[in-house]
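# Structural description and commentary
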Amino acid sequence: MSQLPRFFDIAIPVPMRQTFTYRLPERLSGQDVEVGRRVQVPFGNRTLIGVVLSEPVDPELDPEKIKDIQALLPQESQLDEQQVKFLLTCARYYHHPVGDVFSQALPVLLRQANDIDLRQPLCWQVEPSLSDDDLAEKLASIAKTAVKQQALFALLKKQGAMTWPQIRLSGFSKAQLNALLKKELLLESRLPSKVFRFEPKLVATENKLQLTTEQALVVSQISQHLNQFSCHLIDGITGSGKTEVYLQVMEKVLQQHQQVLVIVPEIGLTPQTLHRFEQRFNVPIMLHHSGLNDGERLQTWQSARLGSAAIVLATRSGVFTPMPNLGLIIVDEEHDSSLKQQEGFRYHSRDLAILRARQQQLPVILGSATPSLESLHNAQLQRYHYHRLTQRPGNSKLASMQLVDISTQPLVYGLSGLVQQAMRTTLEKGEQVLLFLNRRGFAPAIACQECHWVCECQRCNRPYTFHHNQQLLVCHHCGSQRRVQKQCQQCGSVRLSPMGQGTEQLEQRLAELFTHYKAVRIDRDSTRRKGELEKRLEAIADNEYQILVGTQMLAKGHHFPNVTLVVMLDVDGALFSYDFRAPEKMAQLLVQVAGRAGRASKPGKVLIQTHYPQHPLLQDLVNNGYEHFARFALMERQQAMMPPYSFQGLVRAEANNAYLPEQFLRDISSQLNNSECALCGPVAAPMEKKAGKFRFHLTILGKDRKSLHQTTQLLIQLAEHHPNKNKVRWHVDIDPQDMSW
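These numbers come from a predicted model, not from an experiment.

The next point concerns the overall build of the chain. The helix and strand inventory of the chain stands at 19 helices and 32 strands. Expected size for 741 residues packed as a compact globule is a radius of gyration near 27 Å; at 28 Å, the chain falls within 12% of this value. Within the chain, buried positions represent 54% of all 741 residues. Only carbon and sulfur atoms are counted for the fraction: they give 48% of the accessible area of the chain, which is about 33,200 Å².

As structure tokens, then:
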């Protein structure tokens, strides 16, 4: 007797806010189909990978019209019920197509139907079978000049088994690893797939620092809330030892045989954070960030899912990593805008970390020297436990800040006389200088000196950035490139010259001004190659470079003990911005960059070049600090009824014709009746044209989250039934951070 057909609700990665029903064919009826199982299904003329969400008893459609599931994919790659519940909540909150949310949460290789290697990653350790005599003999075969091979061997001997991403992030190459393998000093194997169990020998007590009274109090208070949901905001000045607090709380969680998820905003912070963790814990640490290839990210996902990874160190998308024994989530630099995804599924990793911690009943720690106003507001309402670290351990003191008025004095390559003199004095002492300029490339524009024509990207109506080393003009908005212009397109003149200054030009000019000192540039261009960032950071630590030039990549979390002078160039742009968050972002950036100075026993100094030294924001920060600024910024937000005292959403639309997105948003907003929210717009985006598309905003402001979500849902329904919906590309952004889209 044939069994009754079974039907399943499946989330598939298509831009539609619904699930789809499929039938389990008889040939697969003997297999278990659980919630979270990956399946292969037909959709139109394509084959897609979906995730089973539920088994409906009675499908709404005619059963004869329902298509069959083509294949059930291995159980080793399925999501657990907890993960499915979390992702469904994410889709509801951000009003994003549920299938795309599940797809984004899976590693790239699991979004494909190909056969996948789900084995544990390869690792290398010192050959355990070697006797002391054999080991000494083989070590003697390493040339004295092969310093890196010796260093790698010493690291593996101390740390035990390490994966290739860990070895690479520690500053070593495949050639050095292969050389040790050829000498039979190392054993290559796969990481064991056993669930992580803690042993006291796994913690290196010699690296444990003596906690200050403030630090000990924070560790004690957080430790009282393990194994239950609690959100802890650590507001600690730069260099106050937040990482040591993390490490000591992590140790208590690991002792309970639980896993820890650590989220950092940028790949640039990963090498030094990994180094600190490896020094303290000899446990399996896995990495998850965009610098890894698809296979490496799948291996991290699988190790975490099996419970064998004790610590997962990740950038924002790591918040979706399945971890069955998760006991703690840490979000470092919680204020950072990099934690907000700006394309596709627009989630905020900090907010999802808190949501996940609440669902799984475990503590979450948010750390920052410049907490976001939203987090400070939640701390004031006692939704978060608020902890302050106001002192630096040891003799280290906060750097003094000074404004340099450049409105009335000449600049040499963008540097005032006072700054040049301060740099010389610092360099002569054998100390390092950091120059912060948040503009990569050689120059932000190329212009004609005859008719003042500017070479612009026609798709964005913005100037091309000149990259001297590549001899290219690059649009930093849409990525288009072209060769450097030889003649003005308007008057035919050959008198074209760069305007303004970027990090590439500053690096070149410093070689002319300070001939006896070496400068290094750290930005997205100079660190594009794998391992380049780690190599440069290591060289800085070894004092190979005396002058550091960089963008925001250098501003966050890095520890440069020999940097005693920080110079901030061209910070005036944010003082007169359309974005209500601009003062907050600028204050955070100033304090974070200033925090790179004087982190050891040597006193530090920060010079801020500005045309507007009397500006109240700069005066408040320099004289009163971030805490005072944040208090008054929150008062301003409250008076204006802006977030966090209201709740915000954006409906964004773009099309090839400027008329279409504006009319589309105008139509859906005018049809909305009895909304409890205020609608602002539609208005052109601050950058109206990008990549050939014209862009418009409709802002939703609600007094509470419930009304915001209800209004957003109504607007989505109206948009989906609009006659021009296929001529306009539109999306929803809940809790938007970047208004310049």
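By size, the foremost hydrophobic cluster in this structure holds 110 residues, and its most contacted members are Phe-102, Phe-320, Ile-329 and Leu-434. Element by element, the count of residues in this core is highest for helix H17 (residues 616-640), at eight residues. Grouped together as the second largest cluster of nonpolar side chains are 36 residues, Val-203, Leu-211, Leu-226 and Leu-269 included.

Attention shifts here to a negative patch on the surface. Taken together, the side chains of Asp-32, Glu-34, Asp-80 and Glu-81 make up a negatively charged region of the molecular surface. Mapping Glu-81 onto the fold places it in helix H1 (residues 81-94). Take Glu-81: its relative accessible area is 62%, and that puts it in the exposed class.

Take unusual backbone geometry next. Put simply, Pro-643 and Pro-644 share a cis peptide bond, and its omega is 10°. Relative to the elements of secondary structure, Pro-644 occurs in the loop between H17 and strand S29 (647-655). The omega torsion of the bond from Gly-681 to Pro-682 falls at 10°, within 30 degrees of zero and hence cis. Tracing the chain through its elements places Pro-682 in strand S30 (residues 678-690). With a phi close to 55°, Tyr-413 is a non-glycine residue in the positive phi region. When you line up the elements, Tyr-413 lands in the loop between strand S16 (400-405) and helix H13 (417-428). Accessibility expressed as a relative area gives 31% for Tyr-413, which makes it partly exposed. Residues other than glycine seldom take positive phi values, yet Asp-735 does so here, at roughly 55°. If you trace the backbone, Asp-735 turns up in the segment after strand S32 (729-734).

Attention now moves to the pairing of strand S4 (residues 46-54). By the bridge criterion, three bridges tie strand S1 (residues 6-11) to S4 in an arrangement that is antiparallel. From the neighbouring strand, Ile-10 faces S4, where its bridge partner is Val-52. Taken together, the six bridges between strand S3 (residues 38-43) and S4 define a ladder with antiparallel strand orientation. If you follow Val-41 over to S4, its bridge partner there is Leu-48. What sits between S3 and S4 in their antiparallel hairpin is a turn of two residues, with Gly-44 showing a positive phi close to 65°.

Turning our attention to the state of the cysteines. Inspection of every chain in the model, using the stated rule, returns zero disulfides. The structure places no disulfide on Cys-478, whose sulfur is separated from the nearest cysteine sulfur, that of Cys-460, by 3.7 Å.

What follows concerns the side chain of His-288. Mapped onto the elements of the fold, His-288 is located in strand S11 (residues 285-288). The exposure class of His-288 is buried, given its relative accessible area of 13%. Side-chain polar atoms of His-288 contact the side chain of Ser-317, separated by 3.0 Å.

On to the sheet that holds S29. Read across the sheet, four strands follow the order S30-S31-S29-S32 without closing on themselves; strand pairing throughout is antiparallel. Looking at which strands have only one partner, the edges of the open sheet turn out to be S30 and S32. On average, each strand axis in the sheet is inclined to that of its neighbour by 20°, with strand direction left out of account. Bridge count between S29 and S32: six bridges; the pairing is antiparallel. Note on S32: the bridge partner recorded for Gly-649 is Ile-734. The strands touched by helix H18 (residues 659-670) are S29, S30, strand S31 (693-702) and S32; relative to S29, the strand with the most contacts, the crossing angle is about 140°.

Attention now goes to the pattern of salt bridges. Across all of its chains, the model carries 31 salt bridges by this definition. We note a salt bridge from Arg-666 to Glu-662, for which the minimum N-O separation is 2.9 Å. Here Arg-666 and its partner Glu-662 are both found in helix H18, four residues apart, which amounts to about one turn of the helix. Among the residues examined, Arg-666 registers a relative accessible area of 37% and is labelled partly exposed. When its relative accessible area of 27% is taken as the criterion, Glu-662 is described as partly exposed.

Along the chain, Met-739 falls in the segment after S32. The class for Met-739 is buried, based on a relative accessible area of 12%. C-alpha separation for the pair Met-739 and Leu-118, spaced 621 residues apart in sequence, amounts to 41 Å. When neighbours within four sequence positions are excluded, Met-739 is seen to be in contact with Tyr-578, Asp-579, Gln-648, Leu-650, Arg-652, Pro-686 and His-697.

Attention now moves to the pairing of strand S18 (residues 445-448). In regular strands, side chains alternate between the two faces of the sheet. Side chains Ala-445 and Ala-447 project from S18 onto one buried face, and the interleaved Ile-446 and Cys-448 project onto a second face that is buried too. Looking at chain direction, S18 and strand S24 (residues 496-499) are connected through four bridges and run antiparallel. Each residue of the ladder has a partner; that of Ala-445, found in S24, is Met-499.

Judged by pairing direction, the sheet is antiparallel, and its three strands sit side by side in the order S21-S22-S23 without closing on themselves. The open sheet is flanked by strand S21 (465-467) and strand S23 (481-483), the only strands paired with a single partner. Each neighbouring strand pair of the sheet contributes to a mean axis angle of 30°, computed without reference to strand direction. By the bridge criterion, three bridges tie strand S22 (residues 472-474) to S23 in an arrangement that is antiparallel. Bridge pairing in S23 links Val-474 to Gln-481.

Parameters and conventions
- Residues numbered from 1 in each chain as written.
- Predicted model: local features only at pLDDT ≥ 70, side-chain atom pairs only at ≥ 80, totals over all residues.
- Heavy atoms only, no water.
- Helix = DSSP H or I, 4+ residues; strand = E, 2+ residues; numbered from the N terminus.
- Rg over C-alpha atoms; globule rule 2.2 N^0.38 Å.
- Buried < 20%, exposed > 50% of the residue type's maximum accessible area, 1.4 Å probe, protein only.
- Areas by Shrake-Rupley, 256 points an atom, 1.4 Å probe, with all protein chains shown as cover.
- Core = buried A, V, L, I, M, F, W, Y, C linked by side-chain atoms within 4.5 Å.
- Patch = residues over 30% accessible without salt bridge, like charges linked within 9 Å, V, L, I, M, F, W, Y side chains within 5 Å.
- Salt bridge = Lys/Arg side-chain N within 4 Å of Asp/Glu carboxyl O.
- Lys, Arg positive; Asp, Glu negative; His and termini not counted.
- Charge placed at Lys NZ, Arg CZ, Asp CG, Glu CD.
- Pairing = 2+ DSSP bridges.
- Disulfide = S-S within 2.5 Å.
- Polar contact = N/O pair within 3.5 Å; in protein donor to acceptor, adjacent residues only side chain to side chain.
- Axes fitted to C-alpha atoms, helices over the stretch in contact; angles between N-to-C directions.
- Contact = heavy atoms within 4.5 Å.

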